[in-house]
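For reference, the chains in residue letters:
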Amino acid sequence: NAGVTQTPKFQVLKTGQSMTLQCAQDMNHNSMYWYRQDPGMGLRLIYYSASEGTTDKGEVPNGYNVSRLNKREFSLRLESAAPSQTSVYFCASIQGGGGYGYTFGSGTRLTVV
Amino acid sequence: RKEVEQDPGPFNVPEGATVAFNCTYSNSASQSFFWYRQDCRKEPKLLMSVYSSGNEDGRFTAQLNRASQYISLLIRDSKLSDSATYLCVVNFPGSGNTGKLIFGQGTTLQVKP
């Protein structure tokens, strides 16, 4: 089915470990985003890629890096995980300039202990 | 002041009731507006876009008041299946063609039998 695929769905890390969250979309969308969702905070933008070859910081980029590998794939890396990064991470994509809303992946539930 | 503010609720209503949610946004330059629905432990899904003239989709009606900078969602004849969190979303002002969106923290609706 067409859409946004995220892996893994669940992950437990120890403080200081690193990992990469993968995201791929097969809708030929230009723009891709990484958000985190915490209770009472709503979704907050971590990084985004408006088009292939570009990436920019969002509202809460500290502790993360991203790679727009190609038009389909946008990965999020935690170099040294901290308990404050325990959250649900969502990847999203959109075709144009935001007038049509996002399609989200099903999320990655990350716990850092 | 948060950029997008919603009453978190919960709103507890009986089946068949009419319920309305409001949302305010801080930046008058925002141009695109949406309501998303998020079920427990699932990704947000686009419910409807909000147009200046107001728009309706079945039992759901969305209104935009640019002068007062608020958006509303009206649900008529509530169903048990409407129980979810409703997210108010606006585009990031000045974001050009990047498609960045700002999410409210959501309003929780519980429809009771």
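Residues numbered from 1 in each chain as written. Chains lettered and ligands numbered in written order. Predicted model: local features only at pLDDT ≥ 70, side-chain atom pairs only at ≥ 80, totals over all residues. Heavy atoms only, no water.

Visitor: For this particular structure, what's the right way to read the interface of chain B and chain A?
Guide: Reports of interface size often rely on the accessible area that becomes lost once the parts have come together. Across the contact, 21 residues belong to chain B and 23 residues belong to chain A. In this assembly, chain B packs against chain A so that about 1700 Å² is buried in total across both faces, 54% of it on carbon and sulfur atoms. Linking chain B with chain A are 0 salt bridges, by the criterion used here. Breaking the side of chain B that touches chain A down by element, the ones donating at least two residues are strand 4 (33–38), strand 5 (45–49) and strand 10 (101–103) of chain B. The greatest single-element share of the side of chain B that touches chain A, amounting to 3 residues, is contributed by strand 4 of chain B. (Contact = heavy atoms within 4.5 Å. Buried area = accessible area lost by both parts, 1.4 Å probe. Salt bridge = Lys/Arg side-chain N within 4 Å of Asp/Glu carboxyl O. Helix = DSSP H or I, 4+ residues; strand = E, 2+ residues; numbered from the N terminus.)

Visitor: For this particular structure, what's the right way to read the sheet that holds strand 8 (residues 70–75) of chain B?
Guide: Strands pair in a sheet through their backbones, by hydrogen bonds, and they do so in one of two ways: parallel or antiparallel. Residue and element names in this part refer to chain B. Taken in spatial order, the 5 strands of this open sheet run 1-3-8-7-6, and their pairing is antiparallel. The two strands at the open ends of the sheet, each matched to only one other strand, are strand 1 (4–6) and strand 6 (55–57). Averaged over all adjacent pairs, the angle separating strand axes in this sheet is 20°, with direction ignored. (Pairing = 2+ DSSP bridges. Axes fitted to C-alpha atoms, helices over the stretch in contact; angles between N-to-C directions.)

Visitor: Even after reading the chapter, I still don't get the pairing of strand 3 (residues 19–25) of chain A, so can you show me in this structure?
Guide: Consecutive side chains of a regular strand alternate in pointing toward one face of the sheet and then the other. Residues and elements named next belong to chain A. When you tally the buried positions in strand 3, you get 5 out of 7 residues, the bulk of the element. Where strand 1 (residues 4–7) and strand 3 come together, 4 bridges link them in antiparallel fashion. Considered in strand 3, the bridge of T7 is made with Q22. Relative to strand 8 (residues 74–78), strand 3 is paired through 3 bridges, and the arrangement is antiparallel. Across the sheet, residue T20 finds its bridge partner in strand 8, namely R77. (Buried < 20%, exposed > 50% of the residue type's maximum accessible area, 1.4 Å probe, protein only.)

Visitor: Which parts of the structure should I look at to understand the pairing of strand 8 of chain B?
Guide: Residue and element names in this part refer to chain B. In this structure, strand 3 (residues 19–25) lies alongside strand 8, joined through 6 bridges in antiparallel fashion. Among the inter-strand pairings, C23 is bridged to a residue of strand 8, identified as I71. Here strand 7 (residues 60–65) pairs with strand 8 via 6 bridges, running antiparallel. Each bridged residue has a counterpart across the sheet, and for Q63 the counterpart in strand 8 is S72.

Visitor: How do you make sense of unusual backbone geometry when you look at a structure like this?
Guide: The phi torsion of most residues other than glycine is negative, and most of the peptide bonds are trans. Geometrically, the link from T7(A) to P8(A) is a cis peptide bond, its omega value of -5° lying close to zero. Among the structural elements, P8(A) can be located in the loop between strand 1 and strand 2 (10–13). A positive phi angle, close to 65°, is found at R41(B), a residue other than glycine. With respect to the helices and strands, the residue R41(B) is situated in the loop between strand 4 and strand 5. The exposed category is assigned to R41(B), whose relative accessible area is 56%. Although it is not a glycine, D77(B) sits at a positive phi angle of roughly 50°.

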